[in-house]
Amino acid sequence: MMLYENMGVTAEGHFTFGGADTTELAAEYGTPLYVMDENMVRKAVRRFMDSMEKYYGGRGEVHYASKAFSCMEMCRIINSEGAGLDAVSIGELYTAVKAGFDVKKIGFHGNNKTDEELRYAVEVGVGHIIVDNISELERLEKIAAELGKKPSIMFRIKPGIDAHTHDFVKTGQIDSKFGFALETGEAFEAVKQAVACSNVELTGIHCHIGSQIFDIAPFEEAARVMIGFISEIKNKLDYEIKGLNLGGGFGIKYLDSDDPSPFETYMERVSKVVAGECERLGIAQPFIYIEPGRSIAAPAGITLYTVGARKEIPNIRTYVSVDGGMPDNPRYILYGSEYSALVANKANEERSEKVTIAGKCCESGDLIGENMPLQHAESGDIIAVLATGAYNYSMSSNYNRLQKPAVVFVKDGASRVAVKRETLDDIIRNDI
Ligand SMILES: *Cc1c(COP(=O)(O)O)cnc(C)c1O
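Notes on the structure in this doc start here. Values in this document were obtained by computation on a predicted structure and should not be read as measured data.

## Brief notes about the overall build of the chain
Then, number 1: Helices and strands together make up the secondary structure of the chain, namely 12 helices and 21 strands.
Then, number 2: Computed over C-alpha atoms, the radius of gyration of the chain comes to 23 Å, within 12% of the 22 Å expected from 2.2 N^0.38 for 432 residues, which places it in the range of a compact globule.
Then, number 3: Reported as C-alpha extents along the three principal axes, the dimensions of the chain are approximately 70 × 50 × 40 Å.
Then, number 4: Burial status across the chain gives 55% buried among its 432 residues.
Then, number 5: Side-chain charges in the chain split into 46 positive and 62 negative, and the spacing between the mean points of these groups amounts to 3 Å.

## Details of the sheet that holds strand S2 (residues 15–17)
The strands making up a sheet associate through hydrogen bonds between their backbones, and the pairing can be parallel or antiparallel.
Then, number 1: With antiparallel pairing, three strands are arranged side by side in an open sheet as S1-S2-S3. The open sheet has two edge strands with one neighbour each: strand S1 (7–9) and strand S3 (20–21).
Then, number 2: When S2 meets S3, the two strands line up antiparallel, connected through two bridges. Across the sheet, the residue bridging to Phe 17 is Ala 20, located in S3.

## Concerning the layout of surface pockets
Then, number 1: Within this model, the second largest pocket holds a volume of roughly 330 Å³.
Then, number 2: Tyr 4, Arg 47, Phe 263, Ser 295 and Pro 299 are the residues nearest the centre of the second largest pocket, which is lined by 18 residues in total.
Then, number 3: Per-element tally for the lining of the second largest pocket: the top contributor is helix H2 (residues 38–56), with four residues.
Then, number 4: Across the lining of the second largest pocket, the residue classes break down as nine nonpolar, three polar and six charged.

## Points about the nonpolar core
Then, number 1: Core analysis: the largest hydrophobic core is formed by 130 residues, its most contacted members being Phe 155 and Ile 383.
Then, number 2: Ranked by residues supplied to this core, first place goes to helix H8 (residues 217–237) with eight residues.
Then, number 3: For this core, the domains that each give at least three residues are domain 1 (7–30 + 300–427) and domain 2 (38–294).
Then, number 4: Apart from the residues lying within four places of it in its own chain, the contact partners of Phe 155 are Ile 130, Val 131, Leu 137, Phe 180, Ala 190, Val 191, Ala 194, Leu 202, Gly 204, Ile 205 and His 206.

## Let's talk about the packing of aromatic side chains
Then, number 1: Summed over the entire model, instances satisfying the criterion amount to 12 aromatic pairs.
Then, number 2: Measuring from ring centre to ring centre gives 5.5 Å for Phe 48 and Phe 250, while their planes differ by 35°; the resulting arrangement is tilted. Of the two residues, Phe 48 sits in helix H2 while Phe 250 sits in the loop between strand S12 (243–245) and helix H9 (263–281), which places them 202 residues apart along the sequence.
Then, number 3: Ring centres 5.2 Å apart and planes at 65° place the aromatic pair Phe 287 and Tyr 289 in the edge-to-face group.
Then, number 4: Among the aromatic residues, those joined into a cluster by ring pairs are Phe 48, Phe 219, Phe 250, Phe 263 and Tyr 266.
Then, number 5: Lying across the ring of Phe 188, Lys 236 places its NZ or CZ 5.0 Å from the centre.

What counts, and where the lines are drawn
Residues numbered from 1 in each chain as written. Predicted model: local features only at pLDDT ≥ 70, side-chain atom pairs only at ≥ 80, totals over all residues. Heavy atoms only, no water. Helix = DSSP H or I, 4+ residues; strand = E, 2+ residues; numbered from the N terminus. Rg over C-alpha atoms; globule rule 2.2 N^0.38 Å. Buried < 20%, exposed > 50% of the residue type's maximum accessible area, 1.4 Å probe, protein only. Lys, Arg positive; Asp, Glu negative; His and termini not counted. Charge placed at Lys NZ, Arg CZ, Asp CG, Glu CD. Pairing = 2+ DSSP bridges. 1 Å grid on protein atoms, 1.4 Å probe; cavity = no way out; pocket = protein on both sides within 12 Å on 5 of 7 lines; lining within 4 Å. Points joined across faces, edges and corners; volume = space filled by probe spheres on them. Nonpolar A, V, L, I, M, F, W, Y, C, P; charged D, E, K, R; others polar. Core = buried A, V, L, I, M, F, W, Y, C linked by side-chain atoms within 4.5 Å. Domains from an automatic or database assignment. Contact = heavy atoms within 4.5 Å. Phe/Tyr/Trp six-rings, centres within 6.5 Å; stacked < 30°, edge-to-face > 60°. Lys NZ or Arg CZ within 6 Å of the ring centre and 35° of its normal.

What follows is the structure in structure tokens.
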């Protein structure tokens, strides 16, 4: 019945997460509350790193995509595991730097980086900057010269694979705001230009084909296309691309019915394509980077809410309203994303009803989900929404001037605050 192995139920029927009684967490810290299980984060990172060791002989790095969930404590945990980080803005980079992250293991992303962001990334000395377009290359070249540095760069490539749908199709991807297109020769021209630059060093190419992908085939296809491009660069320009960054996008279980491939299987199958294609084309095997975000953070997090109003509309639906909503979880209103939930103080009861869990904002679309199997929920009950560790806190807002919830980490049953709940004074902090 439980979605993940760190979930359980006490003798009184209370839902436990990472060894902690969630009803006690709600009582101690208040709701809404984000709860992250440190052991789950560490385990996921280790599984990726162990697979990198096993299938690539350690010739690779795992970079956690911090846009999934970033705060200083998360950066410390990732850093202490020896993994790297992917940052997509000066804010994410600053968070990592302030947390003492090993900057050499940071890849800096973004399709429209500002000069301020590029300058900061060069100054702190990130491992590499993933350059998205020619204007960025030219601006970076200037900034690096001014600072007397020679940053390592990778190019973001559109490999022509659209994996957002279940059956991937190799069309339409020219229409993406990210990166250089392969088909049009744009990527090759960019490589030619970068090779001639004296203040940046092109060391790698990068692709990221989508998110919440369950199939391995599109990843294999992307690896094949990217190795082909490395070979083309070698043959035509006599230039060796040493790094291949294959991005993230590994799917996770949100519902009991979800059945993503284990990421070990992904690592095994994609590594075979990488090794096989390199051999076939007679090129050296590149150093591999992967950038899992959701698959590290999402299963490690839950959100706790307190139920307020319950409205039964006969023959239509039942609304169970909670004290948060789209400001702390905008994924339903954005994408129609589905979650599993349970009543944390009735976790040993049947999920006998199907309800709509609604938020407290002035928007009809402010829902956590519809048709959600749930125990009979009444005012004062605690609802736990599962697998909210990614793209919830990081996408949260102050809509309706709600205060952002606290983030609490649990570890073997003990808990600590990692991000404080916002106060009313935080709400007016920047108002003049
Ligand atoms: C978002 C993103 C990721 C992480 O994606 P997940 O689906 O969370 O694994 C990795 N790399 C890049 C460049 C991204 O934009």
